[in-house]
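Structure assessment
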Amino acid sequence: MLAIENLTKVYSGNPPVAALTDVNLKIGEGMFGLLGPNGAGKSTLMKILAGLLEPTAGRVTIDGADLADPVQRAAHYERLGYLPQDFGFYGHLSGQKMLEFLLELKGVTGPKGRRSLAMELLHRVNLAHAATRKVREYSGGMRQRLGIAQAIAGDPRLVIVDEPTAGLDPEERMRFYRLLSELSVGRIILLSTHIVEDVATLCPRFAVIRKGSVVALTTPKDARDRIAGKIYEGVVSHEHLAAISRDYHVTQAMVFDGTNQVRIFLEEGEPPAGFSSSPATLEDAYLVSTRFTANASEMPVAGGVA
Ligand code: ADP
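Residues numbered from 1 in each chain as written. Predicted model: local features only at pLDDT ≥ 70, side-chain atom pairs only at ≥ 80, totals over all residues. Heavy atoms only, no water.

1. Section: the side chain of K9
With respect to the helices and strands, the residue K9 is situated in strand β1 (residues 2-11). Among the polar contacts listed, one links the side chain of K9 to the backbone oxygen of E54, at a separation of 2.9 Å. Other than its neighbours up to four places away in sequence, K9 contacts V17, A18, A19, L20, T44, I48, L53, E54, P55 and T56. (Helix = DSSP H or I, 4+ residues; strand = E, 2+ residues; numbered from the N terminus. Polar contact = N/O pair within 3.5 Å; in protein donor to acceptor, adjacent residues only side chain to side chain. Contact = heavy atoms within 4.5 Å.)

Structure follows, in structure tokens:
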């Protein structure tokens with residue numbers, strides 16, 4: 001279990017930036033999503049967990065081992081896999097050579113040597129067929145899978161993946177989802193993302209983070225149930241859209257075939273004329289939690305343990 005207790009991070013500067021404020025999370029095995037808009041503090045949290053940043057206050061333990069303790073910390077890093085947001089590759093190297101190099105940096109080798117481990121990992125992430133191709137010829141999805149291959153080397157207990165699906169096409173994204181869910185058996189995978197679909201597809205539990213605070217800890221179903229019956233959809237004219245946006249909480253406004261299709265969140269009262277009730281989506285739930293709720297105490301923080 002990964003336990004994050006009262007974690008706070010303030011970047012010094014003028015003015016200082018409070019990137020995380022009193023974050024508490026308990027995360028068990030499987031996929032856990034950390035969802036939030038850009039600037040919410042996701043990367044800061046990932047970097048603290050990966051040991052690249054010191055927290056200003058608070059505590060992180062994994063299976064009871066405290067990250068602040070130098071000895072326990074060293075053991076933690078041996079059992080950690082990390083795929084950062086902007087992972088650097090040497091394009092002129094083959095996938096296999098690149099991976100061997102990364103394994104060397106990580107200090108991981110296999111019983112039959114590093115080369116054999118690299119091949120094994122390439123098989124695991126479905127890249128064996130491209131082992132000898134240069135990384136610069138890899139698609140975005142292939143690069144991310146190569147990144148995952150280095151992250152899971154050494155069979156880590158905790159794998160941290162920061163915004164891995166940004167820029168992937170739908171097919172690559174689905175492949176990547178499949179790979180992550182296969183790998184989540186028996187270990188903790190923490191997936192940071194601003195893409196709601198990532199969480200809807202992959203994560204039995206997730207937290208929503210906004211302005212450095214956890215504003216929801218829930219499941220996709222609970223998040224939708226929470227706002228069920230409070231989402232309405234209708235079509236409005238361009239002239240009418242500004243008034244609707246002013247008077248209601250709009251969760252989505254899309255121009256479709258020349259008309260504005262608008263979804264609103266309405267706790268009580270009558271919806272605008274022509275609007276009818278619509279099943280809540282996770283996207284609606286996410287937007288409600290990040291935009292229309294004033295503070296964490298009003299949020300659907302359900303349960304303690306993920
Ligand atoms: P996210 O990953 O959710 O986009 P970040 O953790 O990158 O969010 O950023 C959280 C906040 O901290 C933002 O306001 C960002 O501008 C600020 N921030 C991030 N890194 C630094 C830094 N090195 N120095 C100062 N402020 C930073």
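Resuming the write-up.
2. Describing the pattern of salt bridges
With the rule as written, the count across this model stands at 15 salt bridges. Linking E29 and R157 is a salt bridge whose minimum nitrogen-to-oxygen distance equals 3.0 Å. One end of the pair, E29, is in the loop between β2 (17-27) and β3 (30-35); the other, R157, is in the loop between α5 (140-152) and β7 (158-162), and 128 residues separate them in sequence. Using a relative accessible area of 52% as the deciding quantity, one classes E29 as exposed. Overall, R157 belongs to the buried group, its relative accessible area being 15%. For E137, the salt bridge identified is with R133, shortest N-O distance 3.8 Å. E137 sits in the partly exposed class, given a relative accessible area of 45%. (Salt bridge = Lys/Arg side-chain N within 4 Å of Asp/Glu carboxyl O. Buried < 20%, exposed > 50% of the residue type's maximum accessible area, 1.4 Å probe, protein only.)

3. Observations concerning the domain arrangement of the protein chain
Assigned domains of the protein chain: these are domain 1 (2-217) and domain 2 (224-292). Using only C-alpha atoms to locate each centre, domain 1 and domain 2 end up separated by 35 Å. Counting residues at the interface gives 10 residues for domain 1, matched by 6 residues for domain 2. Interface area for domain 1 against domain 2, summed over the two sides, is near 680 Å², with a carbon-plus-sulfur share of 74%. On the domain 1 side of the contact with domain 2, V196, V208 and R210 bury the most area, a combined 55% of that side's loss. At the boundary of domain 1 and domain 2, one finds 0 salt bridges. Remark: the boundary between domain 1 and domain 2 carries 1 residue pair in polar contact (both at pLDDT 80 or more). Looking at the side of domain 1 that touches domain 2, the elements with two or more residues in it are α7 (196-202) and β9 (205-210). Tallied by class, residues from the side of domain 1 that touches domain 2 come to 8 nonpolar, 1 polar and 1 charged. (Domains from an automatic or database assignment. Buried area = accessible area lost by both parts, 1.4 Å probe. Nonpolar A, V, L, I, M, F, W, Y, C, P; charged D, E, K, R; others polar.)

4. What to know about the site of the ligand
Around the ligand, the neighbouring residues are Y11, V17, A19, P37, N38, G39, A40, G41, K42, S43 and T44. At a separation of 3.1 Å, an oxygen atom of the ligand approaches a polar backbone atom of A40. Within the contact set of the ligand, an oxygen atom lies 2.8 Å away from a backbone nitrogen or oxygen of S43. For the ligand, whose accessible area on its own is 560 Å², the fraction buried by protein is 59%. Within the residue set of the shell around the ligand, elements represented by two or more residues are β2 and α1 (42-49). Broken down by element, the residue count for the shell around the ligand peaks at 3 residues, all from α1. (Near = heavy atom within 4 Å. Areas by Shrake-Rupley, 256 points an atom, 1.4 Å probe, with all protein chains shown as cover.)

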